[in-house]
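Fold and geometry: a report
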Amino acid sequence: MRHLMSPLDLSVEELDDVLHLAQDIEAHPAKYAHACDGKTLATLFYEPSTRTRLSHEAAMLKLGGNIMGFSSANSSSASKGESVSDTIRTVSCYADICAMRHPKEGAPMVACRHSSIPVINAGDGGHQHPTQTLTDLLTILNLKGRLHNMTIGLCGDLKFGRTVHSLIHALVRYTGIKFVLISPEELKLPDYIRNDVLDKKNVPYKEVVRLEEALPELDILYMTRVQKERFFNEEDYVRMKDFYILDKEKMALAPEDMYVLHPLPRVNEIAVEVDDDPRAAYFKQVQYGVYVRMALILTLLDIHVD
Ligand code: NCD
């Protein structure tokens, strides 16, 4: 049985297969409309979510399957003190596959050890968010036609942003990838990723504070929200929250073929005026997130459609 805790749980070849399957699903949705008839996805969300939970659910529904779940710890027996391991043993009796989001790093990993159904990590604290990475990779592939030879700017909360952590792990496996890490000093990428992933694999990167400095050389700009819920005090958050605001003026410094991605939700880091720019790709990204999760569900359930 397979789980998805990190993007590295899929080899580069398997990942390519998932992305190509997602492209086929987009092109021929009717072919897949009954692929999961009789199957059930459970969404176990101990932390707020809009896109991740609903896109997993949309994905299962579009495959003909059923959905069940809870969308906050308060509405589950976690509020009575039930452990993740007991919850997953229970859910294994009801569903065929599940997606779990949890504020504690490693909680989905605990779940998969006690689960008899595939577990998808839908975000664990400031650690990883592999299905967002699948979404990001499909978006980059569809817009740029490749996943190699690219300069990627990662901007904002690189310390707590789990989407950035997972994306780096996945992208370093392709050739010719360079990163520009754009963050304030306080929100720099953690050492365990800079040293153990970037330095160890000799991946070229530079760290800058000013977005304006980075923009002209980027193929992709990946904006992120300052992760309010992971700050220890409100004061630090307030100081950091509007550090970056991408607006029309800054977009004028960027190449014509640079795309802007954002896992969303956006707060202030992208001005609404940028939404009409043809390079703004964050809502397309939302749509790709459904196709890629459909492909992932089929892959983990080992369902093949001719
Ligand atoms: C991200 C997350 O939850 O980590 N959102 C998402 O799943 N699309 C990013 C964020 O919350 O800032």
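One structure accompanies this document, and this report is about it. (Residues numbered from 1 in each chain as written. Predicted model: local features only at pLDDT ≥ 70, side-chain atom pairs only at ≥ 80, totals over all residues. Heavy atoms only, no water.)

1. Quick notes on the overall build of the chain
Regarding its fold elements, the chain presents 11 helices and nine strands. Computed over C-alpha atoms, the radius of gyration of the chain comes to 19 Å, within 12% of the 19 Å expected from 2.2 N^0.38 for 306 residues, which places it in the range of a compact globule. When the backbone C-alpha atoms are referred to their principal axes, the chain occupies close to 55 × 45 × 40 Å. Taken over 306 residues, the chain has a buried fraction of 56%. Counted over contacts in the chain with a minimum sequence separation of 6, partners at least 24 positions apart contribute 75%. (Helix = DSSP H or I, 4+ residues; strand = E, 2+ residues; numbered from the N terminus. Rg over C-alpha atoms; globule rule 2.2 N^0.38 Å. Buried < 20%, exposed > 50% of the residue type's maximum accessible area, 1.4 Å probe, protein only. Contact = heavy atoms within 4.5 Å.)

2. Some points on the environment of Tyr205
Structurally, Tyr205 is set in strand 7 (residues 205–208). Residue Tyr205 is classed as partly exposed on the basis of its relative accessible area of 26%. Remark: the alpha-carbon pair of Tyr205 and Leu181, spanning 24 residues in sequence, is separated by 7.1 Å. With residues near it in sequence (within four places) discarded, Tyr205 still touches Phe179, Leu181, Arg194, Leu198 and Asp199.

3. Points about the side chain of Thr224
On the secondary structure map, Thr224 appears in the loop between strand 8 (220–223) and helix 9 (234–240). By relative accessible area, which is 3% here, Thr224 ends up buried. Within the local environment of Thr224, its side chain forms a polar contact with the backbone oxygen of Cys155, the two atoms lying 2.9 Å apart. Engagement of the side chain of Thr224 in a polar contact is seen with the backbone nitrogen of Asp157, the distance being 3.0 Å. (Polar contact = N/O pair within 3.5 Å; in protein donor to acceptor, adjacent residues only side chain to side chain.)

4. Here we look at the packing of helix 1 (residues 12–27) against helix 5 (residues 130–144)
Contact pair helix 1 / helix 5: the axes reach a minimum separation of 10 Å and the direction vectors enclose 70 degrees. Taken together, the axis directions place helix 1 and helix 5 in an arrangement best described as roughly perpendicular. Crossing of helix 1 over helix 5 shows right-handed handedness. Along the contact surface, helix 1 presents Leu15, Leu19, Ala22, Gln23 and Glu26, while helix 5 presents Leu134, Leu137, Leu138, Leu141 and Asn142. Among the residues forming the contact of helix 1 with helix 5, the class breakdown is seven nonpolar, two polar and one charged. (Axes fitted to C-alpha atoms, helices over the stretch in contact; angles between N-to-C directions. Parallel < 35°, antiparallel > 145°, perpendicular 65-115°, else oblique. Left-handed = near helix turned anticlockwise from the far one by under 90°. Nonpolar A, V, L, I, M, F, W, Y, C, P; charged D, E, K, R; others polar.)

5. Observations concerning empty space enclosed by the protein
Counted according to the given criterion, the structure contains two cavities of 30 Å³ or more. Here the largest cavity defines a volume of roughly 80 Å³. Forming the boundary of the largest cavity are Arg51, Thr52, Ser55, Gln132, Thr135, His262, Pro263, Gln285, Val286, Gly289 and Arg293. Of all the elements in the fold, those that place two or more residues in the lining of the largest cavity are helix 2 (51–62), helix 5 and helix 11 (282–300). With four residues, helix 11 is the single largest residue contributor to the lining of the largest cavity. For the lining of the largest cavity, a count of residues per class yields two nonpolar, seven polar and two charged. Taken as a whole, the second largest cavity holds about 40 Å³ of empty space. Considering the residues around the second largest cavity, the lining is formed by Gly156, Thr224, Val226, Met240, Lys241, Phe243, Tyr244 and Glu269. Residues that form the lining of the second largest cavity fall into these classes: four nonpolar, two polar and two charged. (1 Å grid on protein atoms, 1.4 Å probe; cavity = no way out; pocket = protein on both sides within 12 Å on 5 of 7 lines; lining within 4 Å. Points joined across faces, edges and corners; volume = space filled by probe spheres on them.)

6. Section: the layout of surface pockets
Here the largest pocket defines a volume of roughly 350 Å³. As for the largest pocket, its lining consists of 21 residues, and the residues nearest its centre are Arg101, Arg162, Arg225, Leu264 and Pro265. Listing elements by their share of the lining of the largest pocket, those giving two or more residues are helix 2 and helix 6 (162–171). For the lining of the largest pocket, the class distribution of residues is four nonpolar, 10 polar and seven charged.

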